[in-house]
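In case you want the letters, here they are:
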There are 2 protein chains.
Amino acid sequence: MNNTIELLKSHRSIRKFKDKKIDENLLNEIIRAGQAAASSSFLQGVSIIRITNQEKRKEFSELANNQAFINDASEFLVFCADLNRSSMCCNWHEAKATEGFTEQFIISTVDTALLAQNVVIAAESSGLGICYIGAIRNNPQKATELLELPKNVYPVFGLCIGYPDQNPEVKPRLPLNVVLKENSYSDNKDKEIIEEYDLEIKKYYQKRTDNKKSMTWSEQMSGLLGREVRLHMRQFLKNRGFEMK
Amino acid sequence: MNNTIELLKSHRSIRKFKDKKIDENLLNEIIRAGQAAASSSFLQGVSIIRITNQEKRKEFSELANNQAFINDASEFLVFCADLNRSSMCCNWHEAKATEGFTEQFIISTVDTALLAQNVVIAAESSGLGICYIGAIRNNPQKATELLELPKNVYPVFGLCIGYPDQNPEVKPRLPLNVVLKENSYSDNKDKEIIEEYDLEIKKYYQKRTDNKKSMTWSEQMSGLLGREVRLHMRQFLKNRGFEMK
């Protein structure tokens, strides 16, 4: 196992940060490493908004489940899927941009996630810790207003980055043979494997340092998928130009 | 700049591979490193189908723009957004799964991309090269049949992995100050910056070893967004359980 693989496998979300700035050059280097990720048809359909204004930071913290550490992280970045830039390119070359297709939504969303994950790896390789903030989608309209996003840009997730002030355990992942299949999808044996994994996760939740609980993974999932979340996303996206045609 | 950041910044897609197998232990290690990526609400909403059957490989190569190197890569993996697994968890715990919401589509698609990008970094750190194959979405229905995917699972992209038999140049990315913005989105200065970048990309396309062409980035984008692509995605996803409610 090489050092990079070791780094990848040691990931855990950090929710408590030291009061220490990230050097501006390092931050730029980390973002550039992010940009080096693959991009579908070289669209580069991503914009990152760095929130340095403390008032704005506070509003993000509030709209994202009141997670206070969003205020304390050295950096809070909002990753946006961006088709506005390529739309502008169409205008410059007198082409009519085709807008609102599901495929374009997928391309720009995937571009955003690939770039962000590279940012994460670059940050973690520099001794920083991170936490993705999907909860900005609790109120994507407010987030859009705070960021003054134009049409055809939507906020996918936030990212806290900073120097870790905690050392949480790595959470065990699903066994490889559930996730990796050969030639075709079959879930015949999954129940048995997941039942064993359930016990492992239950033990992990009971023993971990923070936020102890007694719950298996499949229980957690049935709770998650058993309730309706963020039903506003469809209409919000439609309003922003992502019609899902 | 540390070694990991250097690795990230040296990424380029590889489309020509040596006839050399990837050690099975290494492959498993790479996938495990992928799984270590963050996952929204710990959904782990991803399945990977490894295509070892040469007939199936050929069919994928044909449906994905006849890209022959899909046959030659040591490994061809199809990354699927998977809500079937969590749906099964609901059944086991007698909860009714909420299905078809846009938010769930986003979560599982982002989970898939984050995991895949970790796989890519782990592979590249081991001397392997990769190429994402978004073109499997040219015929996602055929891909779904080949993979025997159940409802609530869709193929997001393929990934070729192997030992590189070419050494292409790194493609210059958009300048940082177009992609990274502070506190709010503004594109006032973007035209000027992109015009300069256009010249850089034109020079790169003219000089690179393979597939030389004379084109700026904004021209490329206006061509890309100026035509309608994969209009079938919406209906395909709907049929597979991703209704985008």
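Look above for the structure.
Residues numbered from 1 in each chain as written. Chains lettered and ligands numbered in written order. Predicted model: local features only at pLDDT ≥ 70, side-chain atom pairs only at ≥ 80, totals over all residues. Heavy atoms only, no water.

1. Some words on the side chain of Thr216 of chain A
Rule in force here: A run of H or I in DSSP becomes a helix once it reaches four residues, and a run of E becomes a strand once it reaches two; helices and strands are each numbered from the N terminus. Contacts are assigned to residue pairs with any non-hydrogen atoms lying within 4.5 Å of each other.
Mapping Thr216 of chain A onto the fold places it in the loop between α9 (190-207) and α10 (217-225). Not counting residues up to four positions away in its chain, the partners in contact with Thr216 of chain A are Asp198, Ile201 and Lys202 of chain A together with His93 of chain B.

2. Details of the sheet that holds strand β5 (residues 180-182) of chain B
Here is the rule: Only strands that DSSP links by at least two bridges are regarded as paired with each other. Geometry is summarised by axes, namely lines fitted to C-alpha atoms with helices restricted to the contacting stretch, and by angles between N-to-C directions that run from 0 to 180 degrees.
Across the sheet, 5 strands lie side by side as β3(A)-β4(A)-β2(A)-β1(A)-β5(B); this open sheet has mixed pairing. In this open sheet, the two edge strands, each paired with only one partner strand, are β3 (129-133) of chain A together with β5 of chain B. Ignoring strand direction, the axes of neighbouring strands in this sheet form an average angle of 25°. Sheet analysis places strand β1 (residues 46-50) of chain A next to strand β2 (residues 75-82) of chain A, joined by 5 bridges and oriented antiparallel. Bridge assignment links Ser47 of chain A to a residue of β2 of chain A, and that residue is Cys80 of chain A. Those strands touched by helix α2 (residues 24-35) of chain A are β1 and β2 of chain A together with β5 of chain B, and its axis lies near 160° from that of β1 of chain A. Each of β1, β2, β3 and β4 (153-162) of chain A is contacted by helix α6 (residues 102-125) of chain A, which is oriented at about 10° to β4 of chain A, the strand it contacts most.

3. Regarding the pairing of β1 of chain A
Our working definition: For every residue, the accessible area obtained with a 1.4 Å probe (protein chains only) is divided by the maximum for its type, and the residue is called buried under 20%, exposed over 50%, and partly exposed between those limits.
In terms of residue burial, β1 of chain A counts as a mostly covered element, since 5 of its 5 residues are buried. Alternating positions in β1 of chain A separate into two faces, Val46, Ile48 and Arg50 of chain A on one and Ser47 and Ile49 of chain A on the other, with burial throughout. Sheet topology places β1 of chain A next to β5 of chain B; 3 bridges connect them, and they run parallel. The residue bridging Arg50 of chain A from the neighbouring strand is Glu182 of chain B, located in β5 of chain B.

4. Here's the deal with the relation of the copies chain A and chain B
This is how it is decided: For this overlay, a least-squares fit was computed on C-alpha atoms, restricted to residues scoring pLDDT of at least 70 in both copies.
Overlay of chain A on chain B (RMSD 0.0 Å): rotation 180°, translation along the axis 0.0 Å. The relationship between the two copies is best expressed as a two-fold rotation axis. The overlap is high: 100% of the interface residues of chain A also sit at the interface in chain B, so the same surface is used on both sides.

5. Focus: the interface of chain A and chain B
Rules: A 1.4 Å probe defines the accessible area here, and the buried area is the portion of it lost by two parts on being joined, summed over both. By salt bridge we mean one thing: a side-chain nitrogen of Lys or Arg within 4 Å of a carboxyl oxygen of Asp or Glu. Here a polar contact is taken to be a pair of N or O atoms separated by no more than 3.5 Å, where protein atoms must pair a possible hydrogen donor with a possible acceptor and residues adjacent in sequence count only if both atoms sit in side chains. Note on residue classes: Ala, Val, Leu, Ile, Met, Phe, Trp, Tyr, Cys and Pro are nonpolar, Asp, Glu, Lys and Arg are charged, and everything else, Gly too, is polar.
The interface is formed by 113 residues belonging to chain A together with 113 residues belonging to chain B. Here chain A packs against chain B, burying approximately 10,000 Å² in sum over the two surfaces, 65% of which is carbon and sulfur. Across the pair Arg137 of chain A and Glu103 of chain B runs a salt bridge whose closest N-O atoms are separated by 2.8 Å. For the pair chain A and chain B, the interface holds 58 residue pairs in polar contact (both at pLDDT 80 or more). When residues of the side of chain A that touches chain B are assigned to their parent elements, the largest contribution, 15 residues, is made by α6 of chain A. A breakdown of the residues in the side of chain A that touches chain B according to their chemical character gives 61 nonpolar, 28 polar and 24 charged.

6. Here's the deal with unusual backbone geometry
Outside of glycine, negative phi angles account for most residues, and trans bonds account for most peptide bonds. Residues and elements named next belong to chain B. Its identity as a non-glycine residue notwithstanding, Ser41 has a phi of 50°, on the positive side. As for its position among the elements, Ser41 is in the loop between α2 (24-35) and β1 (46-50). For Ser41, a relative accessible area of 40% translates into the label partly exposed. Residues other than glycine seldom take positive phi values, yet Arg230 does so here, at roughly 45°. With respect to the helices and strands, Arg230 occurs in the loop between α10 (217-225) and α11 (233-239).

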